Amino acid sequence: MSHFIYLVRHGEQQDAEYGLPDGPLSPRGRRQAQAIAERLSGVPFTGAWHSPLQRAAETAKIMQERMPAIDSQPSALLFDCYPSGPTPDMPRSFESFFGGVTEEEIDAGQAQMADATAEFLAPAPGDRHDLLVTHNFVIGWFVREVLDAPNWRWLGINQANCGLTIIRVRTAKPPVLVTHNDLGHLPVELRTGMPDDWPV
Ligand SMILES: O=C(O)[C@@H](CO)OP(=O)(O)O
């Protein structure tokens, strides 16, 4: 019995480069959402959830238009957050990242991620295929959790807009990272949201 979790980062947000905290998808973001919906259209989803933020909710809505069998529900466990704070074993190069982040934000993010992994990464009694449309840091934390890496390690694990990450969970076996940030469904002009330019 396998529980597959399909993690999708939302599509590109309109004017995100101006530092807006949230907003609608850009035209390119809408095309990304259509492309990931085509990619996943054959999966027999048993559940779907999305972050309540507008960019994620719109992504889920566009996906749902092409995948009428899913009925995506908003989940506060999938909000954008800081999954953990600085730790002594963290490389010093990451310290500046936490400059403007408060302890309250970190505490809230840690609590959210503990609940999110307990809720969404649990083994299921039968086969399950669950879709989660969420944010870069949240997906980085799920990947860190699967790899049993140190807490700080979600930093630097990045996903492109509408990139596809799949985790497989079974009882009595460690979880498996089936694929990470798979962009096979996105033509090159729709590959956005990574911090660095693509090397190829
Ligand atoms: O701001 C960001 O870089 C990430 C953090 O998770 O958010 P989003 O995936 O919403 O762009």
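Below, the structure is looked at part by part. (Residues numbered from 1 in each chain as written. Predicted model: local features only at pLDDT ≥ 70, side-chain atom pairs only at ≥ 80, totals over all residues. Heavy atoms only, no water.)

## Regarding the environment of Arg144
Alright, step 1. Structurally, the position occupied by Arg144 is in helix H4 (residues 136-147).
Alright, step 2. For the pair Arg144 and Leu155, spaced 11 residues apart in sequence, the C-alpha to C-alpha distance is 9.2 Å.
Alright, step 3. In this structure Arg144 touches Ala149, Pro150, Asn151, Arg153, Trp154 and Ile157, once residues within four positions along its chain are discounted. (Helix = DSSP H or I, 4+ residues; strand = E, 2+ residues; numbered from the N terminus. Contact = heavy atoms within 4.5 Å.)

## Here's the deal with a negative patch on the surface
Alright, step 1. Residues Glu103, Glu104, Glu105 and Asp107 make up a contiguous surface patch of negative charge.
Alright, step 2. Structurally, Glu105 can be placed in helix H3 (residues 103-120).
Alright, step 3. A residue is classified by how much of its surface remains accessible, and Glu105, at 36% relative accessible area, is partly exposed. (Patch = residues over 30% accessible without salt bridge, like charges linked within 9 Å, V, L, I, M, F, W, Y side chains within 5 Å. Areas by Shrake-Rupley, 256 points an atom, 1.4 Å probe, with all protein chains shown as cover. Salt bridge = Lys/Arg side-chain N within 4 Å of Asp/Glu carboxyl O. Lys, Arg positive; Asp, Glu negative; His and termini not counted. Charge placed at Lys NZ, Arg CZ, Asp CG, Glu CD. Buried < 20%, exposed > 50% of the residue type's maximum accessible area, 1.4 Å probe, protein only.)

## Description of the pairing of strand E6 (residues 173-182)
Alright, step 1. The pairing of strand E5 (residues 164-170) with E6 spans five bridges and is antiparallel. Within the sheet, the bridge partner assigned to Ile166 lies in E6 and is Thr179. (Pairing = 2+ DSSP bridges.)

## So, the pattern of salt bridges
Alright, step 1. Applying the stated criterion across every chain, the model contains 10 salt bridges.
Alright, step 2. Two residues, Glu189 and Arg31, come together in a salt bridge whose shortest N-O distance is 3.7 Å. Of this pair, Glu189 sits in the segment after E6 while Arg31 is found in helix H1 (residues 27-40), placing the two residues 158 residues apart along the sequence.
Alright, step 3. Here Arg31 falls in the partly exposed class, since its relative accessible area comes to 42%.
Alright, step 4. Ionic pairing is found between Arg92 and Glu95, a salt bridge with its closest N-O pair at 3.8 Å.
Alright, step 5. Residue class for Arg92 comes out exposed when judged on its relative accessible area of 68%.

These figures capture arrangement, not role.
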